[in-house]
Amino acid sequence: MKQLRCRECGRLRDFEPAYVCEHCFGPLEVAYDLDAVRQRVSRESIAKGPNTIWRYRELLPAPTGEPIDLGTGFTPLVKAPNLGKVLGLDHLYLKNDTLNPTGSFKDRNVAVATNFARSYGFDTLSCSSTGNLAGSVAAYAARAGLRALVFIPAGLEPGKVGAASAYGATVVEVNGTYDDVNRLCVELADLYGWAIVNVNLRPFYSEGSKTLAFEVAEQLGWRAPDHLVVPVAAGSLLAKTAKAFQEMVGVGLLDRASTRIHAAQAEGCAPVSTAIQHGRDQVTPVRPNSIAKSLAIGNPADGRYAARAVRASGGWGTACREDAVQEAMALLAQTEGILSEPAGGVVVAGLAELVASGRIRREETVVICITGSGLKTTELFEVRDGHRLQLAKARAADFEQALAAAEKAPAVVA
Ligand SMILES: *Cc1c(COP(=O)(O)O)cnc(C)c1O
Ligand SMILES: [Zn+2]
């Protein structure tokens with residue numbers, strides 16, 4: 001029921017560990033016999049499945065037996081009335097993927113890739129990472145009993161690097177950008193027989209990204225939202241979101257899907273949004289310099305597919321100011337109680353731009369993807385001016401005095 005299809009020339013081949021087309025060197029993706037899947041899945045059959053990504057296993061490269069899993073997916077889709085009010089939206093929802101096992105949506109990809117790697121006898125799990133993927137690969141390797149070696153650019157958030165190490169991975173820090181790290185990993189994929197999940201296992205890895213869109217549709221009562229705002233690094237999440245909507249229509253889970261998909265990036269690394277704004281699919285690489293390190297990919301592997309998917313859906317690409325990122329993280333935390341890493345700030349700031357420019361209207365249904373937890377980037381959260389009381393002694397009178405002084409300070413909340 002599954003084959004691999006070249007995304008450039010469209011040729012089909014057997015389902016096996018492969019990632020480039022033998023004919024044109026284009027990237028491969030998993031292709032399903034949607035008519036056959038349609039016979040086997042329904043909204044009801046999915047509802048009976050586990051509360052994880054594996055409820056969609058008919059549309060994933062799933063193993064034959066019980067999958068190895070940490071409980072990834074089926075994260076809450078929460079209504080966001082307070083943030084909606086600030087931004088002027090009546091039907092805003094947050095897909096809270098900070099609640100995945102290692103705190104980011106990458107667990108979706110890695111759950112699928114790890115099971116694939118096990119089925120095909122790989123003994124080492126690896127990746128090139130902007131931070132979150134490293135932690136996820138390390139955790140899944142621990143769970144699956146595989147060796148883990150993760151490659152990252154130097155200078156990532158200590159919480160991300162430390163977590164990968166705590167799960168038992170060997171962390172390889174490279175003096176360079178993510179794009180340098182990725183180039184090294186492409187070379188290593190040919191030298192070693194490892195499962196480098198986002199390189200030689202990319203067709204399988206990226207399928208995991210679809211589950212976020214499956215969940216959003218199911219959680220809205222099998223309805224596609226009017227708008228979805230997606231943070232973009234390599235572009236896999238965004239490109240596969242579009243594939244997910246096509247497949248849901250193809251197997252009869254949705255009658256139609258006319259969701260406008262928007263790409264959110266920050267100014268310091270916005271090659272995909274720039275391409276979209278110029279009406280191109282071709283992405284011109286940049287050298288990243290952004291607070292949103294998890295999105296800092298200057299030469300995105302799926303950039304052109306992401307740009308194409310956005311344009312085909314009628315969406316847009318945003319490139320928020322760097323200094324808007326932390327403000328937007330604070331706004332999200334202070335209105336809805338969700339602590340996100342900078343990628344979430346990029347999405348909230350991008351949403352604000354989309355509303356201000358009239359691309360998103362008040363009465364429309366909007367879902368934004370909060371893809372990574374702020375608990376890994378705590379160095380970005382300093383106690384705000386006027387919100388810290390320091391008492392020399394544990395005395396009520398001291399407290400009263402300090403509180404009175406502090407409450408004269410101007411409020412910082414946006
Ligand atoms: C990796 C990552 C993304 C972007 O994913 P791509 O599929 O590479 O575009 C978004 N948010 C967070 C937190 C990430 O770690
Ligand atoms: Zn090809």
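As shown above, the structure is provided for reference.
The model shown is predicted, which means the values in this text are computed figures rather than measured ones. (Residues numbered from 1 in each chain as written. Chains lettered and ligands numbered in written order. Predicted model: local features only at pLDDT ≥ 70, side-chain atom pairs only at ≥ 80, totals over all residues. Heavy atoms only, no water.)

## Topic: the sheet that holds strand 9 (residues 195–196)
In space, the four strands of this open sheet follow the order 8-7-6-9, with parallel pairing throughout. Since the sheet does not close on itself, it has two edges, and those belong to strand 8 (170–174) and strand 9, each with one partner. Of the strands in this sheet, strand 6 (124–128), strand 7 (147–153), strand 8 and strand 9 touch helix 7 (residues 178–191), which is tilted by about 145 degrees from strand 7. (Pairing = 2+ DSSP bridges. Helix = DSSP H or I, 4+ residues; strand = E, 2+ residues; numbered from the N terminus. Contact = heavy atoms within 4.5 Å. Axes fitted to C-alpha atoms, helices over the stretch in contact; angles between N-to-C directions.)

## Quick word on the coordination of the zinc ion (ligand 2)
At 2.3 Å from the zinc ion (ligand 2) lie its protein donor atoms, namely C6 (SG), C9 (SG), C21 (SG) and C24 (SG). Classification of the site at the zinc ion (ligand 2) rests on its four donor atoms, whose angles at the metal span 97 to 120 degrees, yielding the label tetrahedral. For the zinc ion (ligand 2), all donor residues lie on one chain, and their spacing in sequence is C-x2-C-x11-C-x2-C. Of this pair, C9 sits in the loop between strand 1 (2–6) and strand 2 (12–13) while C24 is found in the loop between strand 2 and strand 3 (28–32), placing the two residues 15 residues apart along the sequence. Taking relative accessible area as the criterion, C24 reaches 32% and is therefore assigned partly exposed. (Donors = N, O, S within 2.8 Å, 3.2 Å for Na, K, Ca; no water. Tetrahedral: all angles 85-135°; square planar, octahedral: opposite > 155°, others 65-115°. Buried < 20%, exposed > 50% of the residue type's maximum accessible area, 1.4 Å probe, protein only.)

## Details of the site of ligand 1
In the vicinity of ligand 1 there are 16 residues, among which K106, N132, G235, L237 and T371 approach most closely. Between an oxygen atom of ligand 1 and a main-chain N or O atom of G235, the distance comes to 2.8 Å. Protein coverage of the free-state accessible area of ligand 1, which is 380 Å², stands at 97%. For the shell around ligand 1, the class distribution of residues is eight nonpolar, six polar and two charged. (Near = heavy atom within 4 Å. Polar contact = N/O pair within 3.5 Å; in protein donor to acceptor, adjacent residues only side chain to side chain. Areas by Shrake-Rupley, 256 points an atom, 1.4 Å probe, with all protein chains shown as cover. Nonpolar A, V, L, I, M, F, W, Y, C, P; charged D, E, K, R; others polar.)

## Focus: the pattern of salt bridges
Taken as a whole and assessed by the stated rule, the structure comprises 29 salt bridges. E58 is the salt-bridge partner of R40, the closest N and O atoms lying 3.2 Å from each other. Taken as a pair, R40 in helix 1 (residues 34–40) and E58 in the loop between helix 2 (43–47) and strand 4 (77–79) lie far apart in primary sequence, 18 residues in all. On the accessibility criterion, R40 (49% relative accessible area) is partly exposed. On the basis of relative accessibility, which here comes to 21%, the residue E58 falls in the partly exposed class. Residues E341 and K160 are paired through a salt bridge, measuring 3.0 Å at the closest nitrogen-oxygen approach. Remark: K160 occurs in helix 6 (residues 158–166) and E341 occurs in the loop between helix 13 (322–336) and helix 14 (342–356); sequence separation between them is 181 residues. For E341, a relative accessible area of 1% puts it in the buried group. The network of salt bridges with shared partners includes R5, R7, E29, R202, E207, K210, K240, K243, E247 and D302. (Salt bridge = Lys/Arg side-chain N within 4 Å of Asp/Glu carboxyl O.)

## Thoughts on the pairing of strand 8
When strand 7 meets strand 8, the two strands line up parallel, connected through five bridges. Bridged to P153 within strand 8 is V174. Taken together, strand 7, helix 6 and strand 8 constitute a β-α-β crossover, and its handedness is right-handed. (Right-handed = clockwise from strand over helix to strand, strands pointing away.)

## As for unusual backbone geometry
A positive phi angle, close to 65 degrees, is found at F25, a residue other than glycine. Structurally, F25 is set in the loop between strand 2 and strand 3. Within the chain, W222 stands out as a residue other than glycine whose phi angle is a positive 55 degrees.

## Regarding the sheet that holds strand 1
Ordered in space as 2-1-3, the three strands form an open sheet in which the pairing is antiparallel. Of all the strands in the sheet, just strand 2 and strand 3 have a single pairing partner and so form its edges. Where strand 1 lies against strand 3, five bridges are found, and the strand directions are antiparallel. Bridged to C6 within strand 3 is L28. In the packing of helix 10 (residues 236–250) onto the sheet, contacts are made with strand 1 and strand 3, and the angle to strand 3 comes to roughly 15 degrees.

## Things to note about the packing of helix 13 against helix 14
A pair of packed helices is captured by two measures, namely the crossing angle of their axes and the spacing between those axes. Packing of helix 13 against helix 14 leaves a shortest axis separation of 7 Å and a crossing angle of 90 degrees. As summarised for this structure, helix 13 and helix 14 are arranged roughly perpendicular, according to the angle between their axes. On the side of helix 13, the interface is formed by A324, V325, A328, M329, L331 and L332, while helix 14 contributes P342, G345, V346, V348 and A349. The residue makeup of the contact of helix 13 with helix 14, split by class, is ten nonpolar, one polar and no charged. (Parallel < 35°, antiparallel > 145°, perpendicular 65-115°, else oblique.)

## Focus: the environment of Q277
Among the structural elements, Q277 can be located in helix 11 (residues 271–277). The spatial distance from the C-alpha of Q277 to the C-alpha of N115 is 38 Å, given a sequence separation of 162 residues. Here Q277 is in contact with W316, G317, T318 and A319, once residues within four sequence places are set aside.

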